[in-house]
Amino acid sequence: MDTATATSSSYMLLFRDSSPETYAAMSPAQLEQCLDKWNGWFEGLLSAGKVAHGHPLHPAGRVVTARDGKVLDGPFSEAKEAIGGYFLLLVDTLEEATAIAKRCPNLEHGMIVEVRPVAAVCHLASSLGRETMKG
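The structure displayed is predicted, hence computed values, not measured ones.

Student: Residues and numbers for the overall build of the protein chain, please.
Tutor: Looking only at helices and strands, the protein chain features 4 helices and 6 strands. The secondary structure elements of the protein chain, listed N-terminal to C-terminal, are β-α-α-β-β-β-β-α-β-α. Out of the 135 residues belonging to the protein chain, those deemed buried represent 27%. Of the contacts formed within the protein chain by residues at least 6 apart in sequence, a portion of 73% connects residues at least 24 apart. Split by element, the accessible area of the protein chain, about 9,000 Å² in all, is 57% carbon and sulfur.

Have a look at this one:
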């Protein structure tokens, strides 16, 4: 983790597109309008200094586990639960991050936005009493 950009005042917005069939039923003009709203929302956050970056995620990838040393195609969550993208917000409070999430233009089309604080250290380092990842 890059602690210069991910700190206790960073929050992730994780986007779950729970209704992809909604977009499949839209006309090209409606899809353009959705994309314009999304881009306007993102650009507004970017120009206000509220977002460091954000990207969509491909639906397929890999899952690496210790089970038999296998690498499996995935993710395996239901399509409506799969994370489709993220924003890294640079805001001071969970309330501010939540207010930004509530303005997501695709909520009206079934998108779900999860708001999560970015931790300074993982649970393993924290259990050792560390405030940084390195000892």
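Student: Residues and numbers for the confidence of the model for the protein chain, please.
Tutor: Residues shown with low pLDDT carry predicted positions that ought not to be read at fine detail. Per-residue pLDDT for the protein chain averages 85, and the proportion of residues at 70 or more is 86%. Least confident of the elements in the protein chain is strand β4 (residues 71-74), whose mean pLDDT is 67; most confident is helix α3 (residues 94-102), at 97. Note on residues 1-8: pLDDT under 50 across the span, and 10 contacts to partners over four residues away in sequence or across chains.

Student: Which residues make up the nonpolar core, and what are the values?
Tutor: Soluble globular proteins: nonpolar side chains tend toward being buried together. Residues Leu13, Phe15, Trp41, Phe87 and Leu89 are the most contacted members of the largest nonpolar core, which totals 18 residues. Breaking this core down by element, the ones donating at least two residues are β1 (10-17), α2 (28-47), β5 (83-90), α3 and β6 (111-117). Considering every element that reaches this core, the biggest residue donor is α2, with 4 residues.

Student: Residue-level account of α3, with values.
Tutor: Among the residues making up α3, those that are buried are Ala97, Ile100 and Ala101. Mapping the buried residues of α3 onto a view down its axis gives an arc of 100°, with all of them on the same face. Across from the buried face of α3, at angles greater than 90 degrees, the exposed residues are Glu95 and Lys102. Check the buried side of α3 and you find it contacts β1, α2, β5 and β6.

Calculation notes
- For every chain, the first residue of its written sequence is number 1, and the numbers climb from 1 along that sequence.
- Thresholds applied to this predicted model are a pLDDT of at least 70 for local features of residues and 80 or more for the giving and counting of side-chain atom pairs; totals over whole chains, interfaces and linings are not thresholded and use all residues.
- Values reported for side chains reflect all heavy atoms of the structure, with hydrogen atoms and water molecules removed beforehand.
- Helix and strand definitions here come from DSSP, where helices need a minimum of 4 consecutive H or I residues and strands a minimum of 2 consecutive E residues; each element is numbered from the N-terminal end.
- When a residue's accessible area, from a 1.4 Å probe over protein chains only, is under 20% of the maximum for its type it is buried; when over 50% it is exposed; and in between it is partly exposed.
- Throughout, a contact is declared for two residues whenever any of their heavy atoms are within 4.5 Å.
- Accessible surface is estimated by sampling points in the Shrake-Rupley manner with a 1.4 Å probe; for residues, cover comes only from the protein chains shown.
- Every residue is assigned a pLDDT by the predictor, reflecting its confidence on a scale from 0 to 100.
- Nonpolar cores were defined as sets of buried Ala, Val, Leu, Ile, Met, Phe, Trp, Tyr and Cys residues, with membership established by side-chain atoms within 4.5 Å.
- Here the arc refers to the directions that run from the helix axis out to each C-beta atom.

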